[in-house]
Each structure stands twice: as C-alpha cells, then as structure tokens.
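# Residue-level structure breakdown
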Amino acid sequence: MIATIVHTDELLQTIAASVIAGIGVTFLFSLGIWGAGQFAELSRSERPVAATAAALVGAAALLCVAAAVVTGIVVMTHK
Amino acid sequence: MSSDVILVIVVGTALAFDFTNGFHDTANVVATSISTGAARPSVAIGFASLLNFVGAFISISVAATVAKDVVDADVITPTIVFAGLIGAIAWNLITWYFGLPSSSSHALIGGVVGSAVAAAGFEAVLAEGLVGKVLIPAVVAPILAFLVAGAAIGISYRVVGRQRPGIVSRGYRYGQIVSGGLLALAHGTNDAQKTMGIITLALIANGTLGAEADPPFWVIASSATAIALGTYSGGWRIIKTTGTRIIKMDPAQGFSAQGAGAAVILASTHFGFPLSTTHVINGGVMGAGAGKRLSAVRWGVAGNIFVAWLLTLPAAAAIGGLTYGFTRIFGTGALGPVLVTLMALSLVAAAFARRAQRGAPVTAAGG
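Being a predicted model, the structure only gives us computed values, none of them experimental.

### Brief notes about the interface of chain A and chain B
Contact residues are listed per partner, giving 34 residues for chain A and 41 residues for chain B. Counting the surface lost from both chain A and chain B, the interface buries some 3,200 Å², and carbon and sulfur atoms represent 77% of this. Where chain A meets chain B, there are 1 salt bridge. Of the charged contacts in the structure, one is a salt bridge between Arg164 of chain B and Glu41 of chain A, with a shortest N-O distance of 3.5 Å. Where chain A packs against chain B, one counts 3 residue pairs in polar contact (both at pLDDT 80 or more).

In structure tokens:
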C-alpha cells in the first residue's frame, strides 16, 4: 500500500538522476576549468607536452558537460 | 452559456496566476547569476524569460499530474477549479503582503483540493496522487537539492582548489550562463505546466475535452507566454534592488546551486512531480553555502520555508473551500464566480496600493 502511494521507483530514479547530473556535471565542469588553469600554468613553465595533455583533459570534460546537457534535454522532450 | 462564462473566468484567472508565478520567481531564477557577476541583470532577466517560455513546451508530464492525479476529474466543475485558483491567489497575496516565503505550486494544489473537498467530500481527492506525486516530492526535492549542491561545491573546490582564482572565477561565471539557463528552462517547464494542468482540468470538467486529453496547444502557448511575461516584468523590480538584498556567493557556489536546482527540477518534471521550484532553488543555494561554511546558511530562511510547507497546503485549501461555499450561495451559475472575481480584483488593487505606499520587500515567495 505504502509502496504504491510513494511511487518508489520514480522517486529513486529522480534522486539518482539528480545526483548524477548535479554532481557529475559540476565535477566535469570543474575538470574543464582545472584543464584550462593547468594549461596556462604549464605553458608558462614551458612544458608543452604536459600543457597539451591538461588542455585535452579539460576539453574532453567540457565536451562531456555539453553532451550531458543535450542528453538531459532530449530525454525530457521524448517521454 | 453560464459554464462557458465560468470557463473564460477560470482561464483568465489561471493565466493571471501564471503571470504572478513568473513575477514572483524571477529573483530565484536570476539572483545567483546576477550576484556573482556572471550576467548583467537585463541580460539575465531577458535570457530567463526566453528560457521560461521555451521550457514550457518541453514536457506535459506535470500538467497531466495536476489535471488527472490530484483530484477526481469526474466530480470537478469549472466553479471548483475557479474556487481553488482563488484560494491559491489569495494565499499568495497574503504571504506576499507579509513577506513570507510561500510556494505558489503548493498553494495552487492546496486550493484545488480544498474546493474539491468542499464540493464533493474527501472522495474527490485522489490520495495516492496527492501524497505520492505532490507531498512526498515536496519534502524530498529541496533536501535533495541541498545535498547535491553541498556535495558538488565540495568536489569543485577540491578539483580547482590550487588553480589561480582569476581563471576559476571566470570559468564558473561562463558556466553559470549554462547552469542559469538550465535553471530557467527547468522553472519554465515545471511551473508553467501547473497552469496548463489547471486549465486542462477546467476544460475536462466543462466537457470541452475528454477525460484523458492532454493540454491543447493554445493552453501550452498561453501558459508559456504568461510565465515568460511575468518573469520579464518581475525582473525590472529585481534590477532596482540588485546588490542590496541578494545573497552574495562566489561563482563556483552559484554554478553548483543552479546546477543542483536544475537537475532536481528537470528530473522531477520528467516523472511528473509538481514541485515548489522556489524551495528547490533555495535548497540548492543553502547547500552551496553550507558546503563552504555551515554558518553561511541562513537557517532563519530554512525555518520560514519549513513553516510555509506546513501552512500553505491547508491554508490555501481552507480559502479554496470557503470560496466554493460562497459561490454556491448564488447557485451553480456564473453569478458567484463573477462576484468573487470582482471582489478579488478590488482587494488586489487595494493591497497593491497599500504595499506601494509602504514599499514592497523582495522576498522568496513563489513557485
């Protein structure tokens, strides 16, 4: 009875999606900023290989953020 | 003829409610972006209005919940919906007048439930939908936003902690354009759908639509327009007070709060949970504050929100029920709703005039 009223599955999916999207996107975006910061720092210290690697990590993280946002909107519009 | 007059009054009242919802909620949607310097007030407000409008078109799950899962559409009449709307608007105005942070969404659902109970008894309420889709998510969502924002800000400080502050602030300010946009989109989709649901319920009650019908396009478009115009109009009031009454956060906190709020509202909207977007956004802001320093949280605001949780549903329900009883004094025709509308308009004009003389506070009242 209580399980029927509470919509447990939908509530748990909401919690899981919120945690994954809210924390995951912030983590990835922070990684993007870290990549940009490291790139600037390492370029100044003339370490081009490490700087490029940091830039690639940052760019990949920002691409994942963009993909997550687009996926979220697509999921919303296709129910 | 008489029921068509009531229907026109209901649609007009619902759209007015939607406008005030956007008007009230502008501060919640744009305050973080403005206070961190991520966007100029005029840009943030214009962007939020546009995304409120777009957001209203991306889902109808919440509208379906409001129209079909809260009260039994078979016993609902347009007058019941009208009385519920008056209950919600009256409670919003009372809380606005006294500066209490109330939820328009809870007021709307409370008002309709109260008028339905007054008209047809407790059998008119679908307890499963009310508890499972409204009350429990209403408690869970702000706490979830608080925890997600708190965890997110902790993680972001760890990741970027050793970077130069300049690049970090700039980065999160750019990020806030996206997170603020998502929050406005989320606000538009969840809040505008409540109005769509109420108008759809009135159309079903009037026999204009079938029991299982979805909101027609004109209902979606007019609800989207009303909330977007409300957001834009409310924004100019916010511009005047920017920098004096809005919470100060750093850009990382702003990004985390907006991201958490948007994630919770969008995920809930997907499953048709009609939330108080105000409570969720405040939960996210408090979580981002607590993640940095526990004493940064305005626990007084949290207490007010808790009190509002307890009061809004029963108070709006009581006003909705009384309004329905009053309209029935004049029979089942349009006279009762017309008289109530005229009285409500007079009271609103008087309240605005008095508040304008005293100076209106900027509060967290809204959706």
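### Some remarks on the packing of helix H2 (residues 8–44) of chain A against helix H9 (residues 251–270) of chain B
One way to put it is that H2 of chain A packs onto H9 of chain B with a least axis distance of 8 Å and a crossing angle of 150°. Classed by the angle they form, the pair H2 of chain A and H9 of chain B counts as roughly antiparallel. H2 of chain A and H9 of chain B meet at a crossing whose hand is right-handed. Contact residues: Thr14, Ala17, Ser18, Ala21, Gly22, Val25, Thr26 and Phe29 of chain A in H2 of chain A; Phe255, Ser256, Gly259, Ala263, Val264, Ala267 and Ser268 of chain B in H9 of chain B. Tallied by class, residues from the contact of H2 of chain A with H9 of chain B come to 8 nonpolar, 7 polar and no charged.

### Points about the packing of helix H3 (residues 61–68) of chain B against helix H7 (residues 165–205) of chain B
Residues and elements named next belong to chain B. Put simply, H3 and H7 touch, their axes get as near as 7 Å, and they point 40° apart. As summarised for this structure, H3 and H7 are arranged oblique, according to the angle between their axes. The element H3 and its partner H7 pack so that their crossing is right-handed. Residues Ser61, Val62, Ala63, Val66 and Ala67 of H3 lie in contact with H7, whose contacting residues are Asn190, Gln193, Lys194, Met196, Gly197, Ile198, Thr200 and Leu201. Here the residues of the contact of H3 with H7 are counted per class, giving 7 nonpolar, 5 polar and 1 charged.

### Thoughts on the packing of aromatic side chains
Evaluation of the coordinates by the stated rule reveals 7 aromatic pairs over all chains. With 5.9 Å between their ring centres and 45° between their planes, Phe29 of chain A and Tyr172 of chain B make a pair best called tilted. Of this pair, Phe29 of chain A sits in helix H2 while Tyr172 of chain B is found in helix H7, placing the two residues in two different chains. Residue Phe29 of chain A shares its accessibility class with Tyr172 of chain B, and that shared class is buried. One aromatic cluster is present, formed by Phe29 of chain A together with Tyr172 and Phe255 of chain B through successive ring pairs.

### Side note on the pattern of salt bridges
Under the definition given, this model contains 5 salt bridges over all chains. Lys133 of chain B is the salt-bridge partner of Asp69 of chain B, the closest N and O atoms lying 3.7 Å from each other. Of this pair, Asp69 of chain B sits in the loop between H3 and helix H4 (78–98) while Lys133 of chain B sits in helix H6 (residues 127–160), and the two are 64 residues apart along the sequence. Residue classification places Asp69 of chain B among the partly exposed residues on the basis of a relative accessible area of 26%. In the salt-bridge network here, residues are joined through shared partners; they are Glu41 and Arg44 of chain A together with Arg164 of chain B.

### Points about a nonpolar patch on the surface
Residues and elements named next belong to chain B. On the surface, Leu50, Phe53, Val54, Phe57 and Phe217 cluster together into a nonpolar patch covering about 470 Å² of accessible area. When residues of the nonpolar patch are assigned to their parent elements, the largest contribution, 3 residues, is made by helix H2 (residues 41–55). Following the sequence through the fold, Phe57 ends up in the loop between H2 and H3. Classification of Phe57 by relative accessible area gives partly exposed; the value is 34%.

### Quick notes on the nonpolar core
Judged by nonpolar contacts, the single largest core of 53 residues is most densely connected at Val71, Val81, Leu85, Val113, Ile198 and Leu201 of chain B. Elements with a minimum of two residues in this core: helix H1 (2–35), H3, H4, helix H5 (104–120), H6, H7, helix H8 (217–241) and helix H11 (299–329) of chain B. Non-local contacts of Val113 of chain B, meaning those with residues more than four positions away in its chain, are made with Val70, Val71, Val125 and Leu130 of chain B. Formed by 48 residues, the second largest nonpolar core is a distinct cluster that contains Ile33 and Val65 of chain A together with Ala44 and Phe271 of chain B.

### Considerations on the side chain of Thr323 of chain B
Looking at where Thr323 of chain B falls in the secondary structure, it is placed in helix H11. Within polar-contact distance, the side chain of Thr323 of chain B engages the backbone oxygen of Ile319 of chain B at 2.7 Å.

### Topic: H7 of chain B
Residue and element names in this part refer to chain B. With 41 residues, H7 should reach 60 Å at 1.5 Å per residue; the first-to-last C-alpha distance of 58 Å fits that figure. Remark: the principal bend of H7, roughly 30°, maps to Gln176. With 31 of 41 residues buried, H7 lies mostly within the body of the structure. Just downstream of H7, Gly207 is the residue with a positive phi angle, here 85°.

### So, the confidence of the model for chain B
All names here are of chain B. Looking at chain B, the pLDDT average stands at 86 and 91% of residues meet or exceed 70. Least confident of the elements in chain B is helix H12 (residues 335–358), whose mean pLDDT is 82; most confident is H9, at 94. Low pLDDT, under 50, characterises residues 242–246; the stretch is placed with 8 contacts to residues that sit more than four places away or in other chains. Across residues 361–366 the pLDDT falls below 50, and counting only partners more than four positions away or on other chains, this stretch makes 25 contacts in the model. Interface confidence for the predicted complex, given as ipTM, is 0.91, next to a pTM of 0.87.

### Describing unusual backbone geometry
Residues and elements named next belong to chain A. Backbone geometry at Glu46 places phi at a positive 55°, although glycine is not the residue there. By the element assignment, Glu46 lies in the loop between H2 and helix H3 (48–77). Given the relative accessible area of 69%, Glu46 is considered exposed.

### Some thoughts on the environment of Gly150 of chain B
Residue and element names in this part refer to chain B. In this fold, Gly150 is placed in helix H6. Considering only alpha carbons, one finds Gly150 and Gly289, 139 residues apart in sequence, at a separation of 7.4 Å. With residues up to four places along the chain from it excluded, the contact list for Gly150 reads Gly287, Ala288 and Gly291.

Definitions and limits used
- Residues numbered from 1 in each chain as written.
- Chains lettered and ligands numbered in written order.
- Predicted model: local features only at pLDDT ≥ 70, side-chain atom pairs only at ≥ 80, totals over all residues.
- Heavy atoms only, no water.
- Contact = heavy atoms within 4.5 Å.
- Buried area = accessible area lost by both parts, 1.4 Å probe.
- Salt bridge = Lys/Arg side-chain N within 4 Å of Asp/Glu carboxyl O.
- Polar contact = N/O pair within 3.5 Å; in protein donor to acceptor, adjacent residues only side chain to side chain.
- Axes fitted to C-alpha atoms, helices over the stretch in contact; angles between N-to-C directions.
- Helix = DSSP H or I, 4+ residues; strand = E, 2+ residues; numbered from the N terminus.
- Parallel < 35°, antiparallel > 145°, perpendicular 65-115°, else oblique.
- Left-handed = near helix turned anticlockwise from the far one by under 90°.
- Nonpolar A, V, L, I, M, F, W, Y, C, P; charged D, E, K, R; others polar.
- Phe/Tyr/Trp six-rings, centres within 6.5 Å; stacked < 30°, edge-to-face > 60°.
- Buried < 20%, exposed > 50% of the residue type's maximum accessible area, 1.4 Å probe, protein only.
- Patch = residues over 30% accessible without salt bridge, like charges linked within 9 Å, V, L, I, M, F, W, Y side chains within 5 Å.
- Areas by Shrake-Rupley, 256 points an atom, 1.4 Å probe, with all protein chains shown as cover.
- Core = buried A, V, L, I, M, F, W, Y, C linked by side-chain atoms within 4.5 Å.
- Expected span 1.5 Å × (residues − 1).
- Bend = angle between axes of the 7 residues up to and from the residue.
- pLDDT = per-residue confidence, 0-100.

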